[in-house]
Amino acid sequence: MSNISTPAIESIISSLQHEEVIAYPTEAVFGLGCDPDSETAVYKLLELKQRPWEKGLILIADSYEQLKDYIDDEQLTEEQKQAMFATWPGPVTWVIPAKVTTPKWLTGRFDTIAVRVTDHELVKKLCRHYGKPLVSTSANLSGLEPCRTTEEVIAQFNGGIPVLDGMVGGRQNPSEIRDAKTGQLYRKG
């Protein structure tokens, strides 16, 4: 699945560097993403999704190391970290205390941030080549079903965003979301 050409990755990375919103396949559906450090790009994504900034966003990464600039994992016990690590890489998103330096355009009205270390090879490769995590929210316009193919993304967004062509993973449901401190299930996967 990860036989994507380097020019395709380079083209998507160029879009990210130019503060554009992109679409890419994830474990279950296509995701919309952008550079998490670009306020301009994040607000473009929120506007496209018609999503209020207060809700906060998910970051998807190739490795735990890529998330360390955004999370305050010192607030987690060793047992809490081990529970999280036992599910990664994989389709479980964990809500973790955010560093005070993590931008509000990512955390929304919360002092936490939702993060995931993906096992989708194409997204891993994209994050690895870009050198950081990406914002990740389902690729769909408000009220419509999330896209599961490149063609659906192009149709729903009228070809207006760059798409990293690829196949979604075999999951039927979006990622599970859990609280890293309490273990509380926010969304069943």
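From a predicted model like this one, the values you see are computed outputs, not experimental measurements. Position numbers for residues count from 1 along each chain, tracking the sequence in the order it is written. The model is predicted, so local features are restricted to residues of pLDDT at least 70 and side-chain atom pairs to those at 80 or more, both for listing and for counting; the totals for chains, interfaces and linings are taken over all residues. The side-chain quantities take in all heavy atoms of the structure and omit both hydrogens and water.

Enquirer: How should I be thinking about the side chain of Glu 176 in this particular structure?
Expert: For helices the rule is a DSSP run of H or I covering at least 4 residues; for strands it is a run of E covering at least 2, with both sets numbered from the N terminus onward. Relative to the helices and strands, Glu 176 is located in strand S7 (residues 176-179). In protein, a polar contact means a hydrogen-donor-capable atom and an acceptor-capable atom, both N or O and within 3.5 Å, with residues adjacent in sequence counting only if both atoms are side-chain atoms; elsewhere, any N or O pair within 3.5 Å suffices. A distance of 2.8 Å separates a polar atom in the side chain of Glu 176 from a polar atom in the side chain of Arg 178. In what follows, residue pairs with any heavy atoms lying within 4.5 Å of each other are defined as contacts. In contact with Glu 176, other than residues within four places in its own chain, are Pro 91, Val 92, Thr 93, Leu 185, Arg 187, Lys 188 and Gly 189.

Enquirer: Please clarify how unusual backbone geometry should be interpreted in this entry.
Expert: Glycine aside, negative phi is the norm for most residues, and most peptide bonds take the trans geometry. The omega torsion of the bond from Trp 88 to Pro 89 falls at -10 degrees, within 30 degrees of zero and hence cis. Position of Pro 89 relative to the elements: it lies in the loop between helix H3 (78-85) and strand S4 (92-97). One non-glycine residue, Asn 158, lies in positive phi territory at about 50 degrees. Along the polypeptide, Asn 158 turns up in the loop between helix H6 (150-156) and S7. Throughout, exposure labels follow a simple rule: accessible area from a 1.4 Å probe, protein chains only, divided by the maximum for the residue type, with under 20% read as buried, over 50% as exposed, and the rest as partly exposed. By relative accessible area, which is 71% here, Asn 158 ends up exposed.

Enquirer: Is there a simple way to explain the pattern of salt bridges in this structure?
Expert: Close approach of charged atoms lets side chains of opposite charge pair. The rule for a salt bridge is simple: a side-chain nitrogen of Lys or Arg has to be within 4 Å of a carboxyl oxygen of Asp or Glu. What the rule picks out here adds up to seven salt bridges. Here Asp 37 makes a salt bridge to Lys 132, at a shortest N to O gap of 2.8 Å. In this pair, Asp 37 sits in the loop between strand S2 (30-33) and helix H2 (39-49) while Lys 132 sits in the loop between helix H5 (121-130) and strand S6 (134-138), placing the two residues 95 residues apart along the sequence. Between Asp 73 and Lys 68 there is a salt bridge, with its nearest N and O atoms 3.9 Å apart. Each of Asp 35, Asp 37 and Lys 132 takes part in one network of salt bridges that share partners.

Enquirer: Help me out: how do you make sense of the sheet that holds strand S5 (residues 112-117) in this one?
Expert: In a beta sheet, neighbouring strands are held together by backbone hydrogen bonds and run either parallel or antiparallel to one another. Read across the open sheet, the eight strands follow the order S1-S2-S6-S3-S5-S4-S7-S8; overall the sheet is mixed. Among the strands making up the open sheet, the edge pair consists of strand S1 (22-25) and strand S8 (185-187). Adjacent strand axes in the sheet meet at a mean angle of 40 degrees, parallel and antiparallel pairs treated alike. Whether two strands pair comes down to DSSP finding at least two bridges between them. Bridging between S7 and S8 involves two bridges; their strand directions are antiparallel. Its bridge partner being in S8, Arg 178 is matched across the sheet by Leu 185. Strands S1, strand S3 (58-61) and S6 of the sheet are contacted by H5, whose axis makes an angle of about 135 degrees with S1. Orientation is described by lines fitted to C-alpha atoms, with helices fitted over the stretch in contact, and by angles between N-to-C directions that extend from 0 to 180 degrees.

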